[in-house]
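# Summary of the model geometry
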Amino acid sequence: MLAMCGRLNIDGKEVLSLLEDLFDLDCSVTTNRNAAPSEFVEVLIKEVDRAMELRRMKWWFTPAWFGSLKHRYTTFNARSEGVKESRLYKDAYRQKRCAVPVSGYFEWLKKGERKTPYLIRRGDDRPLFLAGIWDLWSGEDSVGKTIEQSSFAILTREADAQMSAIHHRQPLFINENQLGEWLFDTEMEVVDELMMSSRSLKLSAWPVSSRINNAQNKGAECNEVVGPASELDLVA
């Protein structure tokens, strides 16, 4: 079964170009046209002195206080409505928020027994920033060697009217001019308001090849359009 926002579309050159324009970061972004949960992707986080860092992380959140990297929880997405109270997520929400830069993401429209994958992108083709939380787990492996792993979850919300035609949930988007507040602000009232606020964002939804159903497929076929686009005037 394919979960909501269960695949990301990342064009490394496209995302890197935007990051360099916005933040003058010296970094690299790996192309992954069909990134699935438990894979590693680049995530934007805060550093000291209001600097930003692009860190490669696992898309499957593991809190620092867990006893092991292996756990039974499904943590690649986190519902924004409960993140402030959740034992799993509340510390990261207060202290370790992140933004995931992507070219787009995939969602599946179900009609009867048929599921059609759609590639969701900004209407102006600029990359999207998905709001998330992250943490750094540190521990020992089976032979006593210390290991560290950064991981993240994407925050989701109830879908707006237009997006609900495809799915009842959607990622929480962060506009480019909101990134500083989202990553750095320590006043939780500001952060809460930012998470709950609504801003206009035009997206396009393109039906694409069912080849993306298999996460092993990473090539250009993942962007192969098989029908006309739908323009979605969403609230982000």
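The rules we used
Residues numbered from 1 in each chain as written. Predicted model: local features only at pLDDT ≥ 70, side-chain atom pairs only at ≥ 80, totals over all residues. Heavy atoms only, no water. Core = buried A, V, L, I, M, F, W, Y, C linked by side-chain atoms within 4.5 Å. Buried < 20%, exposed > 50% of the residue type's maximum accessible area, 1.4 Å probe, protein only. Helix = DSSP H or I, 4+ residues; strand = E, 2+ residues; numbered from the N terminus. Pairing = 2+ DSSP bridges. Patch = residues over 30% accessible without salt bridge, like charges linked within 9 Å, V, L, I, M, F, W, Y side chains within 5 Å. Areas by Shrake-Rupley, 256 points an atom, 1.4 Å probe, with all protein chains shown as cover. Salt bridge = Lys/Arg side-chain N within 4 Å of Asp/Glu carboxyl O. Lys, Arg positive; Asp, Glu negative; His and termini not counted. Charge placed at Lys NZ, Arg CZ, Asp CG, Glu CD. Phe/Tyr/Trp six-rings, centres within 6.5 Å; stacked < 30°, edge-to-face > 60°. Lys NZ or Arg CZ within 6 Å of the ring centre and 35° of its normal.

## Some points on the nonpolar core
Leu-8, Val-100, Phe-152 and Trp-182 are the most contacted members of the largest nonpolar core, which totals 63 residues. Element by element, the count of residues in this core is highest for strand 9 (residues 128-140), at seven residues. Core analysis: the second largest hydrophobic core is formed by six residues, Trp-108, Val-208, Ile-212 and Cys-222 among them.

## Describing the pairing of strand 3 (residues 40-46)
Looking along a regular strand, one sees the side chains alternate between the two faces of the sheet. When you tally the buried positions in strand 3, you get five out of seven residues, the bulk of the element. As defined by bridge partners, strand 3 adjoins strand 4 (residues 52-58) across seven bridges and the pair is classed as antiparallel. For Leu-44, the partnering residue across the bridge sits in strand 4 and is Leu-54. Counting the residues between successive antiparallel strands, the hairpin from strand 3 to strand 4 contains five residues, one of them, Asp-49, with a positive phi of roughly 55°.

## Quick notes on a negative patch on the surface
A cluster of acidic residues, Glu-20, Asp-21, Asp-24 and Asp-26, forms a negative patch on the protein surface. Here Asp-26 falls in the exposed class, since its relative accessible area comes to 82%.

## Describing the packing of aromatic side chains
Counted by the stated rule, this structure contains eight aromatic pairs. Aromatic side chains Phe-61 and Tyr-89 sit 5.4 Å apart centroid to centroid with 50° between the ring planes, which places their arrangement in the tilted category. In this pair, Phe-61 sits in the loop between strand 4 and strand 5 (77-79) while Tyr-89 sits in the loop between strand 5 and helix 2 (90-95), placing the two residues 28 residues apart along the sequence. Grouping residues by exposure puts Phe-61 and Tyr-89 together as buried. Centroid distance Tyr-105 to Phe-173: 6.3 Å. Interplanar angle 40°. Geometry classified as tilted. Taken together, the residues span a long stretch of sequence, with Tyr-105 in strand 7 (residues 104-111) and Phe-173 in the loop between strand 11 (169-171) and helix 3 (179-184) at a distance of 68 residues. In this structure Phe-173 comes out as buried when scored by relative accessible area, which is 4%. In this structure an aromatic cluster arises from ring pairing among Trp-59, Trp-60, Phe-76 and Phe-152. Taking NZ or CZ as reference, Lys-96 lies 5.7 Å from the ring centre of Trp-134, over its face.

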